[in-house]
Amino acid sequence: MDSPLLHRALLALAVLGWAVAFTGFVHARLFASDVAPPRAVMSAQTFSELAAFSAGFLLVLVAFAGSILALLASSQHSATVAIAAAVSGVYAVPVAALLLHAAFFK
């Protein structure tokens, strides 16, 4: 758990999750149609936004869990892991809280 390569991979995964969500949102706004075809549940734009948001959330959630586990299992705390936990936590924790709130407190 004290490998610098693992620490950098966690940070890269957290940044990648943010990038996927942001670029997916921009792509959906610029290139996807906001008109829903007949009998469609959602428009292509909404689907693209939802897919990018979900993919980004899953990447960031894995990075957050890995960062927390690395911080707990490590004998020496690394600044890179702390940054990875912070970068991924800013996205993962509020979204997870919203999802839990929507699931259990309707």
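For the structure itself, look to the data block above.
Procedures and definitions
- Residues numbered from 1 in each chain as written.
- Predicted model: local features only at pLDDT ≥ 70, side-chain atom pairs only at ≥ 80, totals over all residues.
- Heavy atoms only, no water.
- Core = buried A, V, L, I, M, F, W, Y, C linked by side-chain atoms within 4.5 Å.
- Buried < 20%, exposed > 50% of the residue type's maximum accessible area, 1.4 Å probe, protein only.
- Helix = DSSP H or I, 4+ residues; strand = E, 2+ residues; numbered from the N terminus.
- Contact = heavy atoms within 4.5 Å.
- Axes fitted to C-alpha atoms, helices over the stretch in contact; angles between N-to-C directions.
- Parallel < 35°, antiparallel > 145°, perpendicular 65-115°, else oblique.
- Nonpolar A, V, L, I, M, F, W, Y, C, P; charged D, E, K, R; others polar.
- Phe/Tyr/Trp six-rings, centres within 6.5 Å; stacked < 30°, edge-to-face > 60°.

Enquirer: I tried to follow the nonpolar core on my own but got confused; where do I start?
Expert: In a soluble, globular protein the nonpolar side chains are often hidden away together inside. Counting 6 residues, the largest nonpolar core is built from Ala 21, Phe 57, Val 60, Tyr 91, Ala 92 and Val 95. Elements represented by at least two residues in this core include exactly helix H2 (44-73) and helix H3 (79-104). Considering every element that reaches this core, the biggest residue donor is H3, with 3 residues.

Enquirer: In this structure, what is going on with the side chain of Glu 49? I would like to understand it.
Expert: You can see Glu 49 is positioned in helix H2. For Glu 49, a relative accessible area of 18% gives the class buried. When sequence neighbours within four positions are dropped, the list of residues in contact with Glu 49 reads Phe 25, Ala 28 and Arg 29.

Enquirer: Could you clarify how one ought to interpret the packing of helix H1 (residues 4-31) against H2 in this entry?
Expert: If you want to describe how two helices pack, look at the angle between their axes and the distance between the axes. As a packed pair, H1 and H2 sit with axes 8 Å apart at the nearest point and diverge in direction by 170°. Regarding the angle of H1 to H2, the classification is roughly antiparallel. A class-by-class count of the residues in the contact of H1 with H2 yields 16 nonpolar, 7 polar and 2 charged.

Enquirer: I'm lost on the packing of aromatic side chains in this one. Help?
Expert: Tallied over the full model, the rule gives 3 aromatic pairs. The interplanar angle of 50° and the centroid separation of 4.9 Å between the aromatic rings of Trp 18 and Tyr 91 together place this pair among those described as tilted. Taken together, the residues span a long stretch of sequence, with Trp 18 in helix H1 and Tyr 91 in helix H3 at a distance of 73 residues. Overall, the relative accessible area of 36% leaves Trp 18 in the partly exposed class. Consider the rings of Phe 53 and Tyr 91, whose centres lie 5.9 Å apart with planes at 55°: the pair is tilted. Placement of the pair is Phe 53 in helix H2 and Tyr 91 in helix H3, with a sequence separation of 38 residues.

Enquirer: Would you mind showing me how to read the side chain of Gln 45 here?
Expert: As for its placement among the helices and strands, Gln 45 is situated in helix H2. Assessed through its relative accessible area of 10%, Gln 45 is described here as buried. Discounting residues that sit within four places of it in the chain, Gln 45 has contacts with Ala 28, Arg 29, Ala 32, Ser 33 and Asp 34.

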